[in-house]
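# Descriptive structure summary
The chain contents come next:
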Amino acid sequence: KNPKPQPCEKGPGRALTIGQIFDLRDFFLSFIMTRNMYYIDPNIVRPLTALHKLSYAEVAGPSSVEWFVSHFWGHPFMS
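Three or four residues apart is the spacing at which side chains of an α-helix point the same way, because the helix has 3.6 residues per turn. Across its 14 residues, helix α3 (residues 37-50) extends only 17 Å between first and last C-alpha, which sits more than 12% below the 20 Å expected from 1.5 Å per residue. Approximately 25° is the largest bend angle found in α3, and it occurs at isoleucine 44, with the proline proline 47 only one to four residues beyond. Met37, Ile40, Asp41, Ile44, Val45 and Thr49 are the residues of α3 that are buried. Next to the buried residues of α3 lie α1 (18-27), α2 (29-32) and α4 (56-60). The opening residue of α3 is asparagine 36, an N-cap whose side-chain oxygen sits 2.8 Å from the backbone nitrogen of tyrosine 38.

So, in structure tokens, the structure goes:
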């Protein structure tokens, strides 16, 4: 959905919306199943970003946020 990924400054302008996270989940649902980010990062995210050498947010299309939500990578992605 982002035809020309470009680098952007680190910070609140380089974030993903919940919709972008759901899009990632929905597209790769058959691969993700009950797996966590320790699987998703090297097997899905890094291959998607390797060509451009950018973050996933930059490849997907960065969004500005007011709130940052952190998470533990060990929990199942679907929970």
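Picking up where we left off.
Mapping aspartate 41 onto the fold places it in helix α3. Looking at aspartate 41, its side chain comes within polar contact range of the side chain of arginine 46, at 2.8 Å. With residues up to four places along the chain from it excluded, the contact list for aspartate 41 reads Arg46, Pro47 and Trp73.

What counts and what doesn't
Residues numbered from 1 in each chain as written. Predicted model: local features only at pLDDT ≥ 70, side-chain atom pairs only at ≥ 80, totals over all residues. Heavy atoms only, no water. Helix = DSSP H or I, 4+ residues; strand = E, 2+ residues; numbered from the N terminus. Expected span 1.5 Å × (residues − 1). Bend = angle between axes of the 7 residues up to and from the residue. Buried < 20%, exposed > 50% of the residue type's maximum accessible area, 1.4 Å probe, protein only. Contact = heavy atoms within 4.5 Å. Polar contact = N/O pair within 3.5 Å; in protein donor to acceptor, adjacent residues only side chain to side chain.

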